[in-house]
Amino acid sequence: VSALKSARDLPHNIEAEQAVLGAVLLDENAFDQVAALLKPGDFYLLPHQHIFDICMGLAAEAKTIDPVLVMQRLDAKGWLGTAVPRELPLSLARGLGTATNAGHYANVVKDLSLLRQMMLTAQRVVERGYDQTLAIPYLVMPLLAGTDLEAVIARTGALEPAVAVRIAMQAC
């Protein structure tokens, strides 16, 4: 996860991440509850991302998700003891995660992931604004995704893309 240029951490809830992963490692029904909502990148901590990635792989292979098998897969990828602390899968399984609350905690993890993505996107927009080498149309084009500039040109008679972009930006 990239960091914003400030002293504040991006929004996250480590306990909610631990509860989701603990539930997934303990109860085979928990993964089904959270799989449609979460992807590895939604977790704030890299070790949590790796563990969820392994769980997704096991589920895709129709294998049982349990802490020992997850540890074996992490080890096979070279992540166990390096990117993921050796004791983490077992300690997550001993945690408080239950399938009953897995959906709730998955929503917390997803909401905070979306907030982080929004903040990082806003930071990139600000950084692009300071880039003097970018022509204005190329700076704002990603912001206008979905705007039909051809229609703006036809409707306003603008001959240059930069003028069409200015008109479209005024409409936003």
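Residues numbered from 1 in each chain as written. Predicted model: local features only at pLDDT ≥ 70, side-chain atom pairs only at ≥ 80, totals over all residues. Heavy atoms only, no water.

Draft legend 1. Highlighting the environment of R94. For R94, the position within the fold is in the loop between α5 (88-93) and α6 (99-130). Judged by its relative accessible area of 61%, R94 falls in the exposed class. Sequence separation between R94 and L26 is 68 residues, and the spatial gap between their C-alpha atoms is 8.4 Å. (Helix = DSSP H or I, 4+ residues; strand = E, 2+ residues; numbered from the N terminus. Buried < 20%, exposed > 50% of the residue type's maximum accessible area, 1.4 Å probe, protein only.)

Draft legend 2. Region of the structure containing helix α1 (residues 14-26). Compared with an ideal rise of 1.5 Å per residue, which puts 13 residues at 18 Å, α1 spans 18 Å between its outermost C-alpha atoms and is within 8% of the ideal. The buried fraction of α1 amounts to 10 of the 13 residues, a majority that puts the element mostly inside the structure. All buried positions along α1 are accounted for by I14, A16, E17, A19, V20, L21, G22, A23, V24 and L25. In the core, the buried residues of α1 are packed alongside α2 (28-34), α3 (46-60), α4 (67-76), α5 and α6. A side-chain oxygen of the first residue of α1 lies 3.1 Å from the backbone nitrogen of E15; this N-cap is N13. (Expected span 1.5 Å × (residues − 1). Contact = heavy atoms within 4.5 Å. Polar contact = N/O pair within 3.5 Å; in protein donor to acceptor, adjacent residues only side chain to side chain.)

Draft legend 3. Region of interest: the layout of surface pockets. Within this model, the largest pocket holds a volume of roughly 170 Å³. For the lining of the largest pocket, a count of residues per class yields five nonpolar, six polar and one charged. (1 Å grid on protein atoms, 1.4 Å probe; cavity = no way out; pocket = protein on both sides within 12 Å on 5 of 7 lines; lining within 4 Å. Points joined across faces, edges and corners; volume = space filled by probe spheres on them. Nonpolar A, V, L, I, M, F, W, Y, C, P; charged D, E, K, R; others polar.)

Draft legend 4. Seen up close, the packing of aromatic side chains. Counted under the stated rule, the structure contains two aromatic pairs. Taking the centre distance of 5.1 Å and the plane angle of 40° together, the rings of F43 and F52 count as tilted. You can call F43 buried: its relative accessible area is 0%. Each residue in the set F31, F43 and F52 is aromatic and connected to the rest through ring pairs, giving one cluster. (Phe/Tyr/Trp six-rings, centres within 6.5 Å; stacked < 30°, edge-to-face > 60°.)

Draft legend 5. Region of the structure containing the side chain of H50. Looking at the secondary structure, you find H50 in helix α3. When near neighbours in sequence (up to four residues on either side) are disregarded, H50 contacts L74, W79, A83 and V84.

Draft legend 6. Main features of the side chain of S113. Relative to the helices and strands, S113 resides in helix α6. For S113, a relative accessible area of 2% corresponds to the buried category. At 2.8 Å, the side chain of S113 forms a polar contact with the side chain of D42.

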